[in-house]
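Structural characterization, general
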Amino acid sequence: MKQHLSLCYHARNNSFLSKFMRICHPKPKSNLLSYYFSLLQSSPNAAHLRHLHARLLRTSLFDNVILSSKLLLMYSRLGKLSPHSLRVFLHMPHRNIYSWNNIIGEFSRSSLPHKSVQLFLQMRHCNQPPDVFTLPLVLRACAACGSAKLGVSVHGLCVKMGMEKSLFVASALVFMYVTFGKVSDARVLFDEMPERDSVLWTAMLAGYAQHEESMQALSVFRQMGSAGVALDGVVMISLLLACGQLGWLKHGKSVHGWITRRCLILGLNLGNALIDFYVKCAALGYSHNLFDKMPERDVISWSSLILGYGLSGNVDTALDLFDRMRAAGVKPNDVTFLGALSACTHTGMVERAYTYFEMMKEYQVVPELKHYACMVDCLARAGMLEDAERIIVEMPVEADGAVLGALLGGCTVHGNAEVGERVAKKLMRLEPEKASNYVMLANMFAGAGRFEDAEKVRELMKERDLSKVPGCSLI
């Protein structure tokens, strides 16, 4: 009785209360199951769900696999996957393939995908055979874990059980191999499929686009059209990514026009893809116009535009957007700070660059090599070469070619052969076949009047058969 009163006290909607109170009266078992299923489905928060959980245990309805499976699903939907959903599953007196798939699927989509793999192994020990819905969940969990070896083992199991030709399984296999960067393996699986649905086509298209094999992506898209596959917003996102990588503004505009004509809702994913495309094609006016029209924006929307303006040298606009983003309560990420630092680099705003670099700690963003490269470039352009070299020495990771190259460029501009020579030697060990490093060092020696040293560098280039590649343009 106390539990009933507590539930009445905490309930916030009449429909939930009325459904629950009707259960207090004797009902036929089939009606009772449907009532409880409906209550679980409409449970508004974890407190209500716990009351229902307790009542299921008291009435022995927890033994019903449908209700207990629904209970673990609802705990997960309310953000209580671990430990609540897991405890429900482990205490279920009866389990079937549906309940196993529920718990494996929920963990595969969570931040704990390795738990999904563990549950699958437990399922195998319990002699519960997987079906065509179980294996895709496990394959996606392997991809999320980054365990290629385990993923290949599960692929072997799919073949052994004769399920590799299932569209559900094949799509998950393609997704997994693409995630591991094995796009050619994904293509072999794709080509071997006797039939393909839109999900499988989209997975292959996205795989090529995500790994910057743009021409292959466009080839798959043309094949999709020939096969009569229905196009949707997900396909358009991959297509925009490929067009952006190639700098094909005209083709991307055609995709944008298709989206407009089909009246597709400009949600976050599609809107962000369009902004990213126009930014990559240096059409910042189009991207900003889209940004202003988006009904909803997230950190990706803001960061794409800030990075675009930062890299193009539109400093005031980039930093104004950064301030507006913070004022809107959106937390900056690593890309946002890269855009702000790039903007500072273009105008030599050293103090402001330091401010943004320190601000990264406030937002718990760990600086990566690209952020250090921006800071070094900013200091080097401003002639603060010793400070730039100090940052490189104090970096928690080994400097790469971009970081050292930024300092070498600054040494060349400001004629500091002493620091430049030290940096160039490190670069030559790190990138022995990159001709531009040798050319910069030779030019720096020549500018400092050290013509013999400059000639030695050029002779070294000849010995190593290196030559600077001439500049080119896609336009």
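The rules we used
Residues numbered from 1 in each chain as written. Predicted model: local features only at pLDDT ≥ 70, side-chain atom pairs only at ≥ 80, totals over all residues. Heavy atoms only, no water. Helix = DSSP H or I, 4+ residues; strand = E, 2+ residues; numbered from the N terminus. Rg over C-alpha atoms; globule rule 2.2 N^0.38 Å. Buried < 20%, exposed > 50% of the residue type's maximum accessible area, 1.4 Å probe, protein only. Contact = heavy atoms within 4.5 Å. Areas by Shrake-Rupley, 256 points an atom, 1.4 Å probe, with all protein chains shown as cover. Lys, Arg positive; Asp, Glu negative; His and termini not counted. Charge placed at Lys NZ, Arg CZ, Asp CG, Glu CD. pLDDT = per-residue confidence, 0-100. Phe/Tyr/Trp six-rings, centres within 6.5 Å; stacked < 30°, edge-to-face > 60°. Axes fitted to C-alpha atoms, helices over the stretch in contact; angles between N-to-C directions. Parallel < 35°, antiparallel > 145°, perpendicular 65-115°, else oblique. Left-handed = near helix turned anticlockwise from the far one by under 90°. Nonpolar A, V, L, I, M, F, W, Y, C, P; charged D, E, K, R; others polar. 1 Å grid on protein atoms, 1.4 Å probe; cavity = no way out; pocket = protein on both sides within 12 Å on 5 of 7 lines; lining within 4 Å. Points joined across faces, edges and corners; volume = space filled by probe spheres on them. Expected span 1.5 Å × (residues − 1). Polar contact = N/O pair within 3.5 Å; in protein donor to acceptor, adjacent residues only side chain to side chain. Arc of directions from axis to C-beta. Core = buried A, V, L, I, M, F, W, Y, C linked by side-chain atoms within 4.5 Å.

Quick notes on the overall build of the protein
Scanning the protein from terminus to terminus reveals 28 helices and zero strands. A compact globule built from 475 residues should have a C-alpha radius of gyration of about 23 Å, whereas the protein, at 29 Å, is more than 25% larger. For the protein, the C-alpha atoms occupy an extent of roughly 100 × 55 × 50 Å along the three principal directions. Within the span of the protein, comprising 475 residues, buried residues form 46% of the whole. Put simply, 59% of the contacts in the protein that link residues at least 6 apart link residues at least 24 apart. Only carbon and sulfur atoms are counted for the fraction: they give 55% of the accessible area of the protein, which is about 24,000 Å². A gap of 14 Å separates the mean positions of the 51 positive and 41 negative side-chain charges of the protein.

Things to note about the environment of Leu249
Looking at the secondary structure, you find Leu249 in helix H16 (residues 249-261). A residue is classified by how much of its surface remains accessible, and Leu249, at 26% relative accessible area, is partly exposed. In sequence terms Leu249 and Glu386 are 137 residues apart; their C-alpha atoms lie 42 Å from each other. Not counting the four nearest positions on each side in its chain, Leu249 is found in contact with Phe277, Tyr278, Cys281 and Ala283.

A word on the confidence of the model for the protein
Caution applies to low-pLDDT regions: their predicted coordinates should not be interpreted in detail. Per-residue confidence for the protein gives a mean pLDDT of 88; residues scoring 70 or more make up 92%. For residues 1-28, every residue scores under 50 in pLDDT, and the model assigns this stretch 44 contacts once sequence neighbours within four places are set aside.

Considerations on the packing of aromatic side chains
Applying the stated criterion to the full structure yields ten aromatic pairs. Look at Phe291 and Trp302: their rings are 4.9 Å apart centre to centre, the planes differ by 75 degrees, and that puts the pair in the edge-to-face class. Taken together, the residues Phe291 in helix H18 (residues 284-293) and Trp302 in helix H19 (residues 299-312) connect sequence positions eleven residues apart. Both residues of the pair, Phe291 and Trp302, count as buried. When the ring of Phe357 is compared with that of Tyr372, the centres are 5.5 Å apart and the planes differ by 65 degrees; the resulting orientation is edge-to-face. In this pair, Phe357 is assigned in helix H22 (residues 350-362) and Tyr372 in helix H23 (residues 369-381), connecting sequence segments 15 residues apart. Relative accessible area serves as the criterion here: at 10%, Tyr372 is assigned to the buried category. Within the aromatic cluster, the residues linked to one another by ring pairs are Phe322, Phe337, Tyr356 and Tyr363.

Details of the packing of helix H25 (residues 401-414) against helix H27 (residues 435-447)
The N-to-C vectors of H25 and H27 enclose an angle of 25 degrees; their axes lie 9 Å apart at closest approach. Classified by the interaxial angle, the pair formed by H25 and H27 is roughly parallel. Handedness of the H25/H27 crossing: left-handed. Residues Gly405, Leu408, Gly409, Cys411 and Thr412 of H25 form the contact with H27, whose own contacting residues are Asn437, Met440 and Met444. Across the contact of H25 with H27, the residue classes tally to four nonpolar, four polar and no charged.

Remarks on the layout of surface pockets
Computed from the structure, the largest pocket encloses a volume of approximately 400 Å³. Taken together, 16 residues make up the lining of the largest pocket; nearest its centre are Asn272, Ala273, Asp276, Ile300 and Ser304. Listing elements by their share of the lining of the largest pocket, those giving two or more residues are helix H15 (233-246), helix H17 (268-280) and H19. At six residues, the largest contribution of residues to the lining of the largest pocket is made by H19. Its residues assigned to classes, the lining of the largest pocket shows nine nonpolar, six polar and one charged.

A closer look at H15
With 14 residues, H15 ought to run about 20 Å at 1.5 Å a step, and its terminal C-alpha atoms sit 20 Å apart, in line with that. Within the span of H15, buried status applies to Val235, Met236, Ser238, Leu239, Leu240, Ala242, Cys243 and Gly244. In this structure Asp232 caps H15, since a side-chain oxygen of it lies 3.2 Å from the backbone nitrogen of Val234. Following H15 by one or two positions, Gly247 adopts a phi angle in the positive range, close to 75 degrees.

Quick notes on helix H26 (residues 417-430)
Its 14 residues give H26 an end-to-end C-alpha distance of 19 Å, which sits within 8% of 20 Å, the value for a rise of 1.5 Å per residue. Of all the positions in H26, only Ala417, Val419, Gly420, Val423, Ala424, Leu427 and Met428 are classed as buried. For H26, the arc enclosing every buried residue in end-on projection is 160 degrees, short of the 170-degree limit, so these residues lie on one face. Those residues of H26 that are exposed and aimed more than 90 degrees away from the buried face are Glu418 and Arg429. Tucked inside the fold, the buried residues of H26 contact helix H24 (385-394), H25 and H27. The N-cap residue of H26 is Asn416: its side-chain oxygen and the backbone nitrogen of Glu418 are 3.3 Å apart.

A closer look at the nonpolar core
Considering soluble globular proteins, one finds that nonpolar side chains tend to be buried as a cluster. Core analysis: the largest hydrophobic core is formed by 150 residues, its most contacted members being Ile104, Tyr356 and Leu407. What Leu407 contacts, discounting residues up to four positions off in sequence, is Val376, Ala380, Leu385, Ala388, Glu389, Ile392, Val419 and Val423.

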